[in-house]
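# Geometric and topological summary
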Amino acid sequence: MTVTIVGAQLGDEGKGCIVDVYGEAADVVVRYQGGDNAGHTVVHEGEEYKLSLVPSGAVRGKVGLLANGCVVNPETLFNELDALRERGLEPDVRVAERAHVIFPYHRTLDGIEEEAKSETDSEIGTTGRGIGPTYEDKAARRGIRVGDLLAPETLREKLERVVPQKRALVEEVYGLSIGELESPAAFDVDTLFETYREFGRRLETAGMVVDAGGYVTDALAAGQNVMFEGAQGTVIDIDHGNYPYVTSSNPTAGGATVGTGVAPGVVGTGEVIGIVKAYLSRVGSGPMPTELGGVAGDTPGYDEQGAGDEQAEELATYIREEGGEYGTVTGRPRRVGWLDVPMLRHAARISGFTGLAVNHLDVLAGLDEVRVAHSYSLDGEEVKTLPATTEAWARCDPNLRTFDGWPAFDADTVAAEGYDRLPEQARDYLTYLSNQLDTPIYCVGVGPDREQTVVREDVW
Ligand code: IMP
């Protein structure tokens with residue numbers, strides 16, 4: 001059977017931890033979209049592993065598959081694998097032949113494009129990993145795929161076609177000189193060919209390259225359990241997110257079928273778990289109706305207006321510190337706000353959640369009151385889900401509901417003794433959420449360790 005894990009918010013919902021909890025019974029853990037923009041932290045046997053590309057299941061001895069919907073930076077891949085091996089693990093990671101490769105020119109262009117956009121305050125706040133430029137090449141049919149790294153003639157031919165276009169983009173569109181860039185070699189065909197041909201050899205020698213759809217189908221036919229691990233979150237989905245402040249792939253459940261090469265029914269008849277952080281965080285720019293305080297450079301208008309509501313700023317700082325809300329990949333402070341229920345209704349509809357995993361409930365413990373946006377006011381009307389345009393979303397004012405806060409509790413005791421040991425106020429909060437989304441709560445994260453999770457449902 002299959003279990004699909006989907007971020008219900010803006011990424012950073014704590015998916016890694018839930019993959020870890022439910023991944024125990026999985027044989028194969030598949031990433032179906034994104035690349036090394038997906039910072040995830042896995043704690044295993046007291047050791048903390050920070051990964052950005054390798055599926056978190058690989059830390060626990062599962063086969064990790066980077067499927068065709070992913071964009072793969074081979075340098076990051078081998079660095080992460082080598083680092084895991086140095087720490088005594090033996091990760092088994094496979095890569096889809098059809099996955100697209102991130103080249104150094106993609107990363108450079110990501111930076112150049114963001115810089116150019118920042119002149120008009122329209123930067124996305126990307127992770128700078130070359131994700132957008134790589135998916136752009138994929139859609140434009142000039143991308144280079146993992147399979148091409150194993151075919152020297154094809155690789156050279158494609159590089160010779162694409163690299164001059166990238167050079168022209170840098171020089172003629174952005175008016176920059178390649179020679180003055182930090183890494184001119186990123187635009188040199190010979191260097192790229194040699195380096196990426198070598199990556200191809202390594203992938204081939206290690207037997208890592210597979211046809212993802214076929215691999216997963218065979219695994220299922222052999223009775224294995226497959227987990228699809230979505231990266232990022234619903235509201236940064238390129239189709240269903242707040243465009244253009246999105247990543248360039250589909251983190252929603254539909255992405256698992258297209259991004260792996262299995263039929264919709266394979267994903268749809270399995271469990272689809274929506275991962276929800278008990279509050280909201282956001283990396284980068286774009287609207288956030290429930291935001292508390294702000295982060296310079298990311299919160300729209302914050303640089304000009306500065307801090308407004310001191311209490312909200314204090315609360316944001318408190319939640320940010322308690323929740324460790326700093327980017328795993330970039331280290332930058334995340335924007336923080338109350339739970340946004342219209343956003344979650346949108347997410348639940350798109351992915352068809354069969355269950356919810358609510359994380360970081362402990363972070364809110366000790367507050368007098370906890371709020372949620374139950375709905376929005378948009379141009380004088382009450383709306384209960386996310387408007388389709390980002391401009392409309394930016395005009396939404398949250399209609400807040402207030403819940404009694406809950407006292408601090410011992411995470412280990414609650415995790416050991418079960419859901420009913422959660423403070424009553426916390427359970428009221430969770431019941432409200434479950435009712436609004438018409439979806440049962442499968443598990444609740446009450447602390448950073450995998451063991452500090454209250455599991456109500458064994459999904460397999
Ligand atoms: P990109 O994926 O690097 O192109 O970034 C596009 C947008 O997605 C930016 O707002 C990023 O901050 C956001 N983003 C990308 N990956 C993650 C993630 O793993 N967690 C949260 N936000 C992300």
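The structure under discussion appears in the preceding block.
The structure presented is a predicted model; accordingly, all values stated were derived computationally and were not measured. (Residues numbered from 1 in each chain as written. Predicted model: local features only at pLDDT ≥ 70, side-chain atom pairs only at ≥ 80, totals over all residues. Heavy atoms only, no water.)

### Observations regarding the sheet that holds strand S21 (residues 453–455)
Spatially, 10 strands are ordered S9-S7-S5-S2-S10-S1-S11-S16-S20-S21 in an open sheet, and the strand pairing comes out mixed. Strand pairing shows two members of the sheet lacking a second neighbour, strand S9 (209–210) and S21, which therefore form its edges. Both strand S20 (residues 441–445) and S21 contribute to a ladder of three bridges, which runs antiparallel. Note that in S21 the partner of Gly445 across the bridge is Thr453. Running at roughly 165 degrees to strand S1 (residues 2–7), helix H1 (residues 15–23) makes contact with S1, strand S2 (28–31), strand S10 (226–229), strand S11 (271–277), strand S16 (355–359), S20 and S21 of the sheet. (Pairing = 2+ DSSP bridges. Helix = DSSP H or I, 4+ residues; strand = E, 2+ residues; numbered from the N terminus. Contact = heavy atoms within 4.5 Å. Axes fitted to C-alpha atoms, helices over the stretch in contact; angles between N-to-C directions.)

### Looking at the layout of surface pockets
Empty space left among the atoms is revealed by rolling a probe the size of a water molecule over them. Of the voids in this model, the second largest pocket is the one considered here, and its volume is about 630 Å³. What lines the second largest pocket is a set of 32 residues, and nearest its centre among them are Thr299, Pro300, Gly301, Tyr302 and Arg335. For the lining of the second largest pocket, the class distribution of residues is 11 nonpolar, 11 polar and 10 charged. (1 Å grid on protein atoms, 1.4 Å probe; cavity = no way out; pocket = protein on both sides within 12 Å on 5 of 7 lines; lining within 4 Å. Points joined across faces, edges and corners; volume = space filled by probe spheres on them. Nonpolar A, V, L, I, M, F, W, Y, C, P; charged D, E, K, R; others polar.)

### Let's talk about the packing of aromatic side chains
Taken as a whole and judged by the stated rule, the model has eight aromatic pairs. Here the aromatic rings of Phe403 and Tyr429 are separated by 5.4 Å at their centres, their planes lie at 90 degrees, and the arrangement is edge-to-face. Highlighted residues: Phe403 in strand S19 (residues 397–404) and Tyr429 in helix H16 (residues 424–437), separated in sequence by 26 residues. Both residues of the pair, Phe403 and Tyr429, belong to the buried class. Taken together, a centroid distance of 5.2 Å and an interplanar angle of 50 degrees make the contact between Trp406 and Tyr429 tilted. Of this pair, Trp406 sits in the loop between S19 and helix H15 (411–417) while Tyr429 is found in helix H16, placing the two residues 23 residues apart along the sequence. Grouping residues by exposure puts Trp406 and Tyr429 together as buried. Over the ring of Phe193 we find Arg156; its NZ or CZ atom is 4.6 Å from the centre of that ring. The cationic tip of Arg202 hangs over the ring face of Phe78; the distance from NZ or CZ to the ring centre is 4.0 Å. (Phe/Tyr/Trp six-rings, centres within 6.5 Å; stacked < 30°, edge-to-face > 60°. Buried < 20%, exposed > 50% of the residue type's maximum accessible area, 1.4 Å probe, protein only. Lys NZ or Arg CZ within 6 Å of the ring centre and 35° of its normal.)

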